[in-house]
Amino acid sequence: MALYEIFREPESTPTSRPSGGGSSSGGSSRPSGGSGTTTPTPTPDPEPEPTPTPTPTPESGKVLVAYFSATGTTRPVAEKVAEAAGGDLFEIVPTQPYTSADLNYNTDCRANAEQNDPTARPAIQNAVEDMDRYDAVLIGYPIWWGRAPKIIHTFLETYDLSGKTVATFCTSGGSGHEDATLRGYEPDATWLEGRRFSGTSQVEEWVNGLDLPKPTDEEANKMYLQIGDTVWTASLEDNLSVTAFKELLSEGPVTVNMSDYGGFEKVGGLATTLPQSNRQITTKPGDIILYQGNSVTIYYGENSWNFTLLGHVDGVTDAQLREVLKAGGEDILVTFSLEE
Ligand SMILES: Cc1cc2nc3c(=O)[nH]c(=O)nc-3n(C[C@H](O)[C@H](O)[C@H](O)COP(=O)(O)O)c2cc1C
């Protein structure tokens, strides 16, 4: 019998907890109370009160991966989840860190006491900056006595996740995934099927199978330009050149040294050649053009030529364009990126 089966219990058992009977030696981080050890019986939590809900303004497709890891097993899983989902990573850090004595489940330790106390809400030291910008939240934790640690309850009581897509994942010594005690906190969230992991190899498959919100067309068609302290957004065209340019930017921001040309544009070379979607165009101030496949141009004036329109800078006046682009003047560095 695998050691973890010593305390594996059916997932549906509400008072699921590690049971005794196995060896408690070996320093394993799983509960396996040996003979003579007393195992506390966690009391089920009362139904949590649903939190009142202000209207969130989520940024479609933006994913937060929030995780708690007491001994470091859940961390790499969470990192892989964030990577696979293209999400931001947030570690839920307890105000009072858990010592090994706190986690010694064969004793009357802090973790056991918390899991047994329906009112326990261990404080969290750090905060998610602007939860409203996330559309999906994936929450990771170790299984403690068959359930999520109480600090996850603190997290769910701190933030309003209604309207968001939520899924949980866990690691454990063998017990299955459990999130039934958490779902009641956010009845207005869309809960997806969670999963237990014993390593990172299955993570990508799980994330890819989740029905996570997709970026809206409008958001998918934005690009950022940074020039000194100024950040502009640009709306992108729908053509093969833009697809290739976005693919290039998905690897990271691209900075181009751009020089003045002709009294109507700033132009600089890309380190690569992109496919062209040329047509005869008369430019407007703010147009971003691909020239001969390997140069990018920002117009502050007019010019007619056969070249590729990549997009247009949003919401700037001609005067602002001229000032920031140093029209008629020195070279500037422009950083193009898909993320602000
Ligand atoms: C207090 C406590 C209770 C635990 N209860 C269980 C359990 O019921 N079932 C299980 O399979 N593992 C249990 N474990 C083992 C952890 O779930 C497992 O080691 C987990 O991967 C640790 O993740 P972390 O390193 O990210 O904290 C328990 C561990 C602790 C400290």
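Residue numbers here run from 1 along each chain, matching the order of that chain's written sequence. Only residues with pLDDT of at least 70 are given local features in this predicted model, and only at 80 or more are side-chain atom pairs given and counted; all residues enter the totals for whole chains, interfaces and linings. To get the side-chain values, take all heavy atoms of the structure and skip hydrogens and water.

K.L.:
Quick question: what am I supposed to make of the pattern of salt bridges here?
P.N.:
Two side chains carrying opposite charge are able to pair once their charged atoms lie near each other. Each salt bridge in this description consists of a side-chain nitrogen of Lys or Arg and a carboxyl oxygen of Asp or Glu lying within 4 Å of one another. Scanning all chains against the criterion turns up 12 salt bridges. Measuring nitrogen to oxygen at the nearest pair gives 3.6 Å for the salt bridge that ties Lys62 to Asp88. With a gap of 26 residues between them, Lys62 in the segment before strand S1 (63–67) and Asp88 in strand S2 (residues 88–91) connect regions that are remote in the sequence. Here Lys62 falls in the buried class, since its relative accessible area comes to 12%. With its nearest N and O atoms 3.6 Å apart, the salt bridge here joins Asp88 to Arg133. Pair noted here: Asp88 is in strand S2 and Arg133 is in the loop between helix H2 (110–116) and strand S3 (136–142), with a separation of 45 residues, a long-range link. Sharing partners across several salt bridges, the network here consists of Lys62, Asp88, Arg133 and Glu339. A run of H or I in DSSP counts as a helix once it spans at least four residues, and a run of E counts as a strand once it spans at least two, with each numbered from the N terminus. Burial here depends on accessible area, computed with a 1.4 Å probe over protein chains only, as a share of the maximum for the residue type. Under 20% is buried, over 50% is exposed, and the range in between is partly exposed.

K.L.:
What exactly am I supposed to notice about the site of the ligand here?
P.N.:
Only heavy atoms are used to decide nearness, and a residue is near a molecule or strand if one of them lies within 4 Å of it. For the ligand, the set of nearby residues contains 25 residues, the closest of which are Ser69, Thr71, Thr74, Ile143 and Thr171. Contact distances for the ligand include 2.6 Å between an oxygen atom and a backbone N or O atom of Ile143. With respect to the ligand, the backbone of Gly146 contributes an N or O atom lying 2.8 Å from an oxygen atom. Per-residue and other accessible areas follow the Shrake-Rupley method at a 1.4 Å probe size, with only the shown protein chains counted as cover for residues. When isolated, the ligand has an accessible area of 650 Å², and the protein chains bury 96% of it. When the residues that make up the shell around the ligand are grouped by side-chain class, the tally is 11 nonpolar, 13 polar and one charged. Here a polar contact means two N or O atoms within 3.5 Å. Within protein one must be a hydrogen donor candidate and the other an acceptor candidate, and residues neighboring in sequence count only if both atoms are side-chain atoms. Three classes are used: nonpolar for Ala, Val, Leu, Ile, Met, Phe, Trp, Tyr, Cys and Pro, charged for Asp, Glu, Lys and Arg, and polar for all others, with Gly counted as polar.

K.L.:
Sorry if this is basic, but what is going on with the side chain of Glu178 here?
P.N.:
Relative to the helices and strands, Glu178 is located in the loop between strand S4 (165–171) and helix H4 (180–183). Only four residue types enter the charge count: Lys and Arg as positive, Asp and Glu as negative, with His and the chain ends excluded. For the buried Glu178, which has no salt bridge, the nearest side chain bearing the opposite charge is Arg147, at an N-O separation of 4.8 Å. Here Thr181 takes part through its side chain, which lies 3.1 Å from a polar atom of the side chain of Glu178. Sequence-distant contacts of Glu178, that is, excluding residues within four places in its chain, are made with Tyr141, Ile143, Gly146, Arg147 and Ala148. Throughout, a residue-residue contact means that at least one pair of heavy atoms, one from each residue, lies within 4.5 Å.

K.L.:
What exactly am I supposed to notice about the packing of aromatic side chains here?
P.N.:
Centre distance and the angle of the planes are the two values used to describe a pair of aromatic rings. The rule is short: rings of Phe, Tyr and Trp, with Trp giving its six-membered ring, pair when the centres are within 6.5 Å, and they are stacked under 30 degrees, edge-to-face over 60, tilted in between. Throughout the structure, instances matching the rule amount to 11 aromatic pairs. Both rings, one in Tyr261 and one in Phe264, keep their centres 6.2 Å apart while their planes meet at 75 degrees; by these two values the pair is edge-to-face. On the basis of relative accessibility, which here comes to 16%, the residue Phe264 falls in the buried class. Pairwise contacts between aromatic rings join Tyr261, Phe264, Tyr299 and Phe307 into one cluster. Any Lys NZ or Arg CZ that is within 6 Å of a ring centre and within 35 degrees of that ring's normal is treated as a charge sitting over the ring. Arg110 extends its terminal NZ or CZ atom over the ring of Tyr98, reaching a point 3.7 Å from the ring centre.

K.L.:
Can you help me understand the nonpolar core in this one?
P.N.:
Nonpolar side chains in soluble globular proteins generally cluster together in the buried interior. Core analysis: the largest hydrophobic core is formed by 32 residues, its most contacted members being Met131, Ile139, Ile152 and Phe155. Among the elements that make up this core, the one with the highest residue count is helix H3 (residues 150–158) (four residues). Setting aside chain neighbours within four positions, we find Met131 in contact with Leu64, Val137, Phe155, Tyr159, Leu161 and Lys164. Here, the term nonpolar core denotes a set of buried Ala, Val, Leu, Ile, Met, Phe, Trp, Tyr and Cys residues that are joined through side-chain atoms within 4.5 Å. Formed by 28 residues, the second largest nonpolar core is a distinct cluster that contains Met223, Leu249, Ile332 and Phe336.

K.L.:
Any chance you could explain helix H1 (residues 74–85) here in plain terms?
P.N.:
Within an α-helix, residues lying three or four positions from one another point in the same direction, as the helix has 3.6 residues per turn. Given the number of residues in a helix, its expected span is that number minus one, multiplied by 1.5 Å. Between its first and last C-alpha atoms H1 spans 16 Å; for 12 residues at 1.5 Å apiece the expected length is 16 Å, and the two agree. Buried within H1 are the following residues: Thr74, Val77, Ala78, Val81, Ala82 and Ala85. Summarising the axial view, the buried residues of H1 lie within an arc of 140 degrees, below the 170-degree limit, and thus occupy one face. Contacts made by the buried residues of H1 are with S1, S2, S3, S4 and helix H5 (203–209). At the C-terminal side of H1, Gly86 shows a positive phi close to 65 degrees. The directions considered for the arc are those from the helix axis to the C-beta atoms.

K.L.:
Explain the environment of Leu138 here, please?
P.N.:
Of note, Leu138 is situated in strand S3. Residues Leu138 and Ala66, spaced 72 residues apart in sequence, show a C-alpha to C-alpha distance of 6.2 Å.

K.L.:
Can you help me understand helix H7 (residues 240–250) in this one?
P.N.:
What H7 keeps buried is the set Ser241, Val242, Ala244, Phe245 and Leu249. Viewed along the axis of H7, the buried residues span an arc of 160 degrees, placing them on a single side of the element. Exposed residues pointing more than 90 degrees away from the buried face of H7 are listed as Leu240, Glu247 and Ser250. Buried residues along H7 sit in contact with strand S7 (222–227), strand S8 (230–236), strand S9 (254–261), strand S12 (287–291), strand S14 (304–313) and strand S15 (332–337). Two to three positions downstream of the cap, the backbone nitrogen of Ser241 sits 3.1 Å from a side-chain oxygen, assigning the N-cap of H7 to Asn239. At the exit of H7 stands Gly252, carrying a positive phi of roughly 145 degrees.

K.L.:
What exactly am I supposed to notice about the environment of Leu310 here?
P.N.:
Along the chain, Leu310 turns up in strand S14. A relative accessible area of 0% places Leu310 in the buried class. Once the C-alpha coordinates of Leu310 and Leu290 are considered, the two residues, 20 residues apart in sequence, prove to be 6.4 Å apart. Discounting chain neighbours no more than four positions away, the residues touching Leu310 are Ser235, Leu236, Glu237, Ser241, Val242, Phe245, Ile288, Ile289, Leu290 and Val296.

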